[in-house]
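# Observations on chain architecture
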Amino acid sequence: MQKPLLFTPLKLRGVTAPNRCVVSPMVQYRANDGQVNDYHLVHLGKFALGKFGIVFTENCAIEPRGRVTQGDLGMWDDSQIEGHKRLVRFLKQEGALAATQITHSGRKGSTPRSFDKPGQLGPEGAGWQKWQTVGPSELPADKGWMIPRQLEASDIDDLVRKFGEAAKRADAAGYDVIEIHGAHGYLLAQFLSPISNKRNDQYGGDRAGRMRFPLAAAKAVREGWPQHKPMFIRVSTVDGAGGWEVEDTVVFARALKELGVDVIDCSSGGLTGLSTALPVKRSLGFQVPFAAAVKREAGISTMAVGLILDGPQAEAILQAGDADLIAIGRQALYDPFWAVHAAQELGCDGDFEMWTPEYGWWLDKRKNNLVGLKK
Ligand SMILES: Cc1cc2nc3c(=O)[nH]c(=O)nc-3n(C[C@H](O)[C@H](O)[C@H](O)COP(=O)(O)O)c2cc1C
């Protein structure tokens with residue numbers, strides 16, 4: 001039997017993912033001062049034991065005010081490298097590629113945890129800090145949200161430098177893959193969309209102007225990130241508010257490819273606050289057509305994400321040539337052993353050989369004990 005594509009290794013520049021199963025970045029609000037701690041090690045370590053080929057950390061801010069909540073991880077200070085190193089060491093020891101996502105929240109920063117209260121602003125007294133957010137223009141993400149301070153051109157230069165410095169720290173920590181978070185209405189997405197970007201300087205106006213800062217950030221990351229390591233960017237393929245559409249993403253992706261970006265991680269939506277209607281109707285694999293369009297039109301590898309639930313669904317996406325990698329978010333929270341379970345669903349690991357042997361040997365032995373037993 002031919003090996004499923006999902007479990008065929010993928011070479012990306014000088015590194016090879018052992019399979020195409022990726023843990024999507026998922027923020028946990030458990031950091032203090034952006035530092036990795038035991039929680040992150042155990043939370044992400046599970047996925048490496050579950051044999052995901054690439055394990056992403058949550059979004060790591062390039063400066064403190066670029067966090068979404070005060071509990072987000074950081075990549076803004078050299079003191080944060082040690083904690084990341086410990087995490088990376090474990091992920092790699094268990095066979096996964098260690099990946100991180102760097103970000104700036106822009107006008108969508110200073111929020112409480114999503115399960116505390118929808119919307120924005122650490123409520124005073126709830127122990128959550130509040131800070132002045134920044135953005136391309138003085139436009140809040142939604143009604144009741146903070147009005148961001150408009151970034152000056154000199155602030156943008158500074159942020160470009162910080163993206164590059166964050167990439168250097170990620171490299172020093174040993175990560176194999178870096179992703180820029182350019183989606184979900186965070187700072188770079190705010191610049192891309194004409195709905196949030198009303199500037200009339202070189203960073204606004206037409207599409208080329210609105211792409212200028214995100215492209216400069218991507219260039220700085222590529223320059224700070226070793227040539228042999230792959231770089232991804234997550235985009236909202238459509239911003240969900242009618243300002244940025246698939247055609248725009250294709251143009252953006254072509255420019256990113258020129259700069260040395262290897263994979264476009266195709267998400268969608270999030271430009272405005274939580275009150276707006278969902279940009280794309282939710283159905284299984286609802287964002288896969290975006291990954292397919294970008295891959296086809298821009299000639300670049302893509303990662304599909306969003307309501308991908310099991311091995312056969314993931315394999316069908318790869319077989320159709322719609323994407324090169326499959327990112328799993330909530331289904332990985334539900335089942336940290338998603339990858340090895342998917343392998344069994346696809347009939348390619350009946351003997352538990354993909355599992356870590358400390359588990360797999362016993363499970364295989366038990367399999368034989370179970371033959372003929374009835375409950
Ligand atoms: C708890 C949680 C935290 C998330 N944090 C991030 C994040 O840090 N960066 C990001 O790009 N997306 C984040 N997302 C979005 C996921 O990466 C993913 O795109 C989304 O959940 C859809 O995929 P799914 O249907 O497989 O969950 C988060 C999602 C969840 C559920």
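Figured I'd write up the structure that's included with this text. Everything numeric in this text was worked out from a predicted model, so none of it was measured. (Residues numbered from 1 in each chain as written. Predicted model: local features only at pLDDT ≥ 70, side-chain atom pairs only at ≥ 80, totals over all residues. Heavy atoms only, no water.)

### Things to note about the overall build of the chain
Secondary structure summary: the chain contains 11 helices and 13 strands in total. By the compact-globule yardstick of 21 Å for 375 residues, the chain fits well, its C-alpha radius of gyration being 20 Å. Taken along its principal axes, the extent of the C-alpha atoms in the chain is 70 × 45 × 40 Å. The 375 residues of the chain split such that 59% are buried. Put simply, 70% of the contacts in the chain that link residues at least 6 apart link residues at least 24 apart. Accessible surface, the chain: about 15500 Å² in total, of which carbon and sulfur atoms supply 52%. Here the chain contributes 45 positively and 43 negatively charged side chains, and the mean placements of these two sets differ by 2 Å. (Helix = DSSP H or I, 4+ residues; strand = E, 2+ residues; numbered from the N terminus. Rg over C-alpha atoms; globule rule 2.2 N^0.38 Å. Buried < 20%, exposed > 50% of the residue type's maximum accessible area, 1.4 Å probe, protein only. Contact = heavy atoms within 4.5 Å. Areas by Shrake-Rupley, 256 points an atom, 1.4 Å probe, with all protein chains shown as cover. Lys, Arg positive; Asp, Glu negative; His and termini not counted. Charge placed at Lys NZ, Arg CZ, Asp CG, Glu CD.)

### Re the state of the cysteines
Scanning the model with the defined rule gives zero disulfides in all. The closest cysteine sulfur to the non-disulfide-bonded Cys-266 is located on Cys-21, 18 Å from its own sulfur. (Disulfide = S-S within 2.5 Å.)

### Section: the nonpolar core
The biggest cluster of nonpolar side chains holds 84 residues, and the ones touching the most others in it are Leu-6, Phe-52, Phe-213 and Ile-264. Sort the elements by how many residues they give to this core and helix H3 (residues 153–173) lands first, with eight residues. What Phe-213 contacts, discounting residues up to four positions off in sequence, is Ile-156, Leu-159, Val-160, Phe-163, Leu-187, Leu-188, Phe-191 and Tyr-203. In terms of nonpolar packing, the next biggest core, distinct from the first, is built from 16 residues, Val-22, Ile-54, Leu-97 and Val-305 among them. (Core = buried A, V, L, I, M, F, W, Y, C linked by side-chain atoms within 4.5 Å.)

### Focus: helix H2 (residues 81–93)
When the terminal C-alpha atoms of H2 are compared, their 18 Å separation across 13 residues agrees well with the 18 Å that a helix rising 1.5 Å per residue should span. Where H2 is buried, its residues touch helix H1 (38–49), strand E4 (54–61), strand E5 (73–74), strand E6 (97–103) and H3. Phi for Gly-95, located one or two positions after H2, is positive at around 100 degrees. (Expected span 1.5 Å × (residues − 1).)

### A few points about the packing of H2 against H3
Between H2 and H3, the shortest axis-to-axis distance is 8 Å and the interhelical angle comes to 45 degrees. One way to sum up the angle between H2 and H3 is to call them oblique. Every pair of crossing elements has a handedness; the one defined by H2 and H3 is right-handed. Each of Ile-81, His-84, Lys-85 and Val-88 in H2 lies in contact with H3, whose residues at this interface are Arg-169, Ala-172 and Ala-173. (Axes fitted to C-alpha atoms, helices over the stretch in contact; angles between N-to-C directions. Parallel < 35°, antiparallel > 145°, perpendicular 65-115°, else oblique. Left-handed = near helix turned anticlockwise from the far one by under 90°.)

### Points about the site of the ligand
Taken together, 15 residues sit near the ligand, with Ser-24, Pro-25, Val-27, Leu-307 and Arg-330 positioned nearest. At a separation of 2.8 Å, an oxygen atom of the ligand approaches a polar side-chain atom of Ser-24. Here an oxygen atom of the ligand sits 2.7 Å away from a polar atom, N or O, in the main chain of Pro-25. Bound to the protein, the ligand loses 83% of the 610 Å² it would expose on its own. In the shell around the ligand, the residues fall into six nonpolar, seven polar and two charged. (Near = heavy atom within 4 Å. Polar contact = N/O pair within 3.5 Å; in protein donor to acceptor, adjacent residues only side chain to side chain. Nonpolar A, V, L, I, M, F, W, Y, C, P; charged D, E, K, R; others polar.)

### Section: the environment of Arg-212
Tracing the backbone shows Arg-212 in helix H5 (residues 207–224). A sequence separation of 132 residues divides Arg-212 from Gln-80, and the C-alpha atoms of the two residues are 29 Å apart.

### Quick notes on the environment of Val-134
With respect to the helices and strands, the residue Val-134 is situated in strand E7 (residues 134–135). Classification of Val-134 as buried rests on a relative accessible area of 1%. The sequence separation of Val-134 and Lys-3 amounts to 131 residues, and the corresponding C-alpha distance is 48 Å. Once you skip the residues sitting within four places of it in the chain, Val-134 turns out to touch Arg-65, His-104, Gly-106, Arg-107, Pro-148, Arg-149, Leu-151, Leu-187 and Gln-190.

### What to know about the packing of helix H8 (residues 311–319) against helix H10 (residues 338–345)
Taken N-terminus to C-terminus, the directions of H8 and H10 make an angle of 80 degrees; their axes are 8 Å apart at the nearest point. Put simply, H8 runs roughly perpendicular to H10. Residue-level inspection shows Gly-311, Pro-312 and Ala-314 of H8 in contact with H10, the latter providing Trp-338, Ala-342 and Glu-345. Here the contact of H8 with H10 is composed, by residue class, of four nonpolar, one polar and one charged.

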